[in-house]
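Overview (structure and organization)
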Amino acid sequence: MSANRDASKVLLGLEGVSKAFPGVRALEDVRLTLRAGEVTALIGENGAGKSTLVKILTGLCRPDAGRIMVEGREVKLEGVREAARHGIVAIHQETVMFDDLTVAENIFMGHMPRRRGGLVDWPQIKQRAASLLADVDADFSALAFVSTLSVAQKHLVEIARALSQEARIIIMDEPTAALSGREITDLYKIVARLKAQGRAILFISHKFDEIFAIADNWACLRDGVHVGEGRMDAVTQPDLVRLMVGRPVGQMFPQRQRQQGPVVLEVRELSHPTEFADISFTLREGEILGFYGLVGAGRSEVMQALFGLTATTAGSIRIGGKPVTIDSAGAAIRAGLGFVPEDRQHEGVILPLPIYQNVTLAGLQPHVRLGVLQRSSEVAASRAITSELDLRSAGQDQAAGQLSGGNQQKVVIAKWLATGPKILILDEPTKGIDIGAKAAVHEFISAGAARGMAVIMVSSEIPEIIGMADRIMVMRAGRIVAEFARGEATPEKLVAVASADVGVAA
Ligand SMILES: Nc1ncnc2c1ncn2[C@@H]1O[C@H](COP(=O)(O)OP(=O)(O)OP(=O)(O)O)[C@@H](O)[C@H]1O
Ligand SMILES: [Mg+2]
């Protein structure tokens, strides 16, 4: 099919779609149009209703009202398979995959090609999987187990899976949230290719630079309501932010006094069997130390080791000058550490528990009176901190699992900010959260540092790391390969030392 001829063809139309959850109006009278050969960015704050819309489009969730039209014909989407049959496939905010199965099996799960007689046609599966993987420029085999793949590679599997179902409407819910650098550019290339093939793409993202780089159109939700749509080339970023938030937002990093106290953490030659080696650095009170690197450079693994979640083979850690052994999260907390993990949906939140219990979980002591945990005290503390982070919820009793992706992230961040640790480690703290909440998180980190809290911040977002950090360590292939003082680091230098293309002695 030719992209030009199809350029104005409407593939998907949505009218008057509403969806309520107990206590929340997730979507109200929403409309949306997706055209062949165009990328439409769906934007909105955390909890605005973006993922709910995706769930409706993919048959995971039934709307209370409204019509969905595929190529002009009204359809009822009663399940994922039904949606796929109409050519609608999503790559979700959280990848859902079978880790113990191969790539090929995951691609064809639920729609395995069969031979006459009903037996699964393995040779065909392998062959078609290999060719789909080639279509997305994958650098791994169809026979690899999914458990061995990186997040970026898992995305490719999902895209290959969408292509295997001949998806004409492809939805990507924050696909680059866990990717960095080259992986992101690779994904953009694939999006461009899907677009050139005449598919319609709905792209959800909190990153404005990427929306401007790849989208043709935008549509904006605020509190579940459609507040605008149009062509990308007719708007500016401040216009979109105003529409999203309903007020202008200054996106500057907070100014603060950069006063540092004595060294509080000293890490020497920390090594792991496979993920990192010879990690040495110091951290002072009141300092924000940034860790930059590409995805897979080993930054998260180092942080997990510092927090006692991963065993190390060598090295030592001193806190306040004293050698410590941190072999569990409990030991880490006792030593004064706090840790906001990157994978907050799996490691950070207990989904069935209410918001307030999640927030107070890492520090219950202040809420105990005469041996009894005081709910009112927990709720008050949680309310104070979550409202500063602008958490959108139906109330403190709401289960964390019912919150939007970004709001779940805020719960984990709130949990560690609430404990007031001596040393706070944050892994990609603003990943997946909207622009207003981002500013609030930066404010919190700065305020904590100003009070003497020592902070380690892993971030793949260059403006964030340059804007926030006093010093930046760059990791590559499991080692620290460079260190920059504040003011020395530029985006170009960071990228150059972080990527394997340049010759830095490791
Ligand atoms: N199963 C559920 N039960 C109750 N409320 C829900 C459920 N799923 C979503 N919600 C609520 O619906 C609203 C919209 O959530 P949604 O996940 O669509 O937001 P989003 O725009 O994707 O946000 P984010 O940017 O944080 O991912 C939120 O207030 C959320 O708490
Ligand atoms: Mg979402």
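None of these values were measured; they are calculated from a predicted model.

1. What about the overall build of the chain?
Looking only at helices and strands, the chain features 18 helices and 22 strands. A compact globule built from 506 residues would reach a C-alpha radius of gyration of about 23 Å, and the chain, at 24 Å, matches this within 12%. Oriented by its inertia axes, the alpha-carbon framework of the chain measures out at about 70 × 50 × 45 Å. Going through the 506 residues of the chain one by one, you find that 53% of them count as buried. Partitioning the contacts of the chain with sequence separation of at least 6, the portion at a separation of at least 24 is 68%. Looking at the chain as shown, the accessible area adds up to about 22,100 Å², and 51% of this sits on carbon and sulfur atoms. Within the chain, one finds 56 positive and 58 negative side-chain charges whose respective centroids are separated by 2 Å.

2. Overview of the packing of helix 6 (residues 151-164) against helix 7 (residues 181-196)
Geometrically, a packed helix pair is captured by the angle between its two axes and the distance between the axes. Remark: helix 6 packs on helix 7, axes separated minimally by 11 Å, with the N-to-C direction vectors making an angle of 10 degrees. By the criterion of interaxial angle, the relationship of helix 6 to helix 7 is roughly parallel. On helix 7, the residues touching A152, L156, I159 and L163 of helix 6 are E183, L187, I190 and L194. When its residues are assigned to classes, the contact of helix 6 with helix 7 shows seven nonpolar, no polar and one charged.

3. What to know about the domain arrangement of the chain
The assigned domain composition of the chain is domain 1 (1-87 + 167-248), domain 2 (95-166), domain 3 (259-336 + 422-499) and domain 4 (345-420). For domain 3 versus domain 4, the distance between C-alpha centres works out to 24 Å. Carbon and sulfur atoms supply 74% of the area that domain 3 and domain 4 bury against each other, a total of about 1,100 Å² over both sides. Taken together, the connections running from domain 3 to domain 4 amount to zero salt bridges. Put simply, domain 3 and domain 4 have zero residue pairs in polar contact (both at pLDDT 80 or more) between them. Taken together, the residues of the side of domain 3 that touches domain 4 sort by class into nine nonpolar, two polar and three charged.

4. Notes on the packing of helix 5 (residues 122-135) against helix 6
At their nearest, the axes of helix 5 and helix 6 sit 9 Å apart, and the two run at 115 degrees to each other. Crossing geometry of helix 5 relative to helix 6 is assigned as right-handed. Residues R128, L132 and L133 of helix 5 touch helix 6, and the partners they reach there are A160, L163 and S164. Residue classes in the contact of helix 5 with helix 6 are distributed as four nonpolar, one polar and one charged.

5. What to know about the sheet that holds strand 14 (residues 314-319)
As summarised here, the arrangement of the four strands in space is 12-11-14-15, forming an open sheet in which the pairing is antiparallel. Edge positions in the sheet fall to strand 12 (279-284) and strand 15 (322-324), since each of these pairs with one other strand and no more. The average undirected angle you get between the axes of adjacent strands in this sheet is 20 degrees. Bridge count for strand 11 (residues 263-271) against strand 12 is five bridges, and the pairing is antiparallel. Looking at strand 12, one finds that L265 is bridged to L283.

6. Details of the site of ligand 1
Around ligand 1, 21 residues are found, and the nearest of them are G47, K50, T52, S404 and G406. Taking G49, its main chain carries an N or O atom lying 2.9 Å from an oxygen atom of ligand 1. Contacts to ligand 1 include G406, whose backbone N or O atom sits 2.6 Å from an oxygen atom. Broken down by secondary-structure element, the contributors of at least two residues to the shell around ligand 1 are strand 2 (24-35), helix 2 (50-57) and helix 15 (405-419). Residues that form the shell around ligand 1 fall into these classes: five nonpolar, 13 polar and three charged. Taken domain by domain, the makeup of the shell around ligand 1 includes at least three residues from each of domain 1 (1-87 + 167-248) and domain 4 (345-420).

7. Describing the side chain of E174
Examined against the element boundaries, E174 turns out to sit in the loop between strand 7 (169-173) and helix 7. Put simply, E174 is tucked away with no salt bridge, and the nearest opposite charge, on K50, sits 5.4 Å away. Within the structure, the side chain of E174 is placed 3.4 Å from the side chain of H206, a separation counted as a polar contact.

8. What about the nonpolar core?
Ranked by size, the top nonpolar core spans 74 residues in total, and within it F281, L306 and V474 carry the most contacts. Two domains share this core, each providing at least three of its residues, namely domain 3 (259-336 + 422-499) and domain 4 (345-420). Once residues lying within four places of it in the same chain are set aside, the contact partners of F281 are L265, E266, V267, L289, F291, L306, I456, M473 and I480. Residues A41, M172, L179 and A215 belong to the second largest nonpolar core, which totals 54 residues.

9. What about unusual backbone geometry?
Phi at L370 takes a positive value of approximately 50 degrees, unusual for a residue other than glycine. Here L370 lies in the loop between strand 17 (368-369) and strand 18 (372-373). A positive phi is found at E428, a non-glycine position, where the angle reads about 50 degrees. Structurally, E428 is set in the loop between strand 19 (423-427) and helix 16 (435-450). The exposure class of E428 is buried, given its relative accessible area of 9%.

Quick notes on the rules
- Residues numbered from 1 in each chain as written.
- Chains lettered and ligands numbered in written order.
- Predicted model: local features only at pLDDT ≥ 70, side-chain atom pairs only at ≥ 80, totals over all residues.
- Heavy atoms only, no water.
- Helix = DSSP H or I, 4+ residues; strand = E, 2+ residues; numbered from the N terminus.
- Rg over C-alpha atoms; globule rule 2.2 N^0.38 Å.
- Buried < 20%, exposed > 50% of the residue type's maximum accessible area, 1.4 Å probe, protein only.
- Contact = heavy atoms within 4.5 Å.
- Areas by Shrake-Rupley, 256 points an atom, 1.4 Å probe, with all protein chains shown as cover.
- Lys, Arg positive; Asp, Glu negative; His and termini not counted.
- Charge placed at Lys NZ, Arg CZ, Asp CG, Glu CD.
- Axes fitted to C-alpha atoms, helices over the stretch in contact; angles between N-to-C directions.
- Parallel < 35°, antiparallel > 145°, perpendicular 65-115°, else oblique.
- Nonpolar A, V, L, I, M, F, W, Y, C, P; charged D, E, K, R; others polar.
- Domains from an automatic or database assignment.
- Buried area = accessible area lost by both parts, 1.4 Å probe.
- Salt bridge = Lys/Arg side-chain N within 4 Å of Asp/Glu carboxyl O.
- Polar contact = N/O pair within 3.5 Å; in protein donor to acceptor, adjacent residues only side chain to side chain.
- Left-handed = near helix turned anticlockwise from the far one by under 90°.
- Pairing = 2+ DSSP bridges.
- Near = heavy atom within 4 Å.
- Core = buried A, V, L, I, M, F, W, Y, C linked by side-chain atoms within 4.5 Å.

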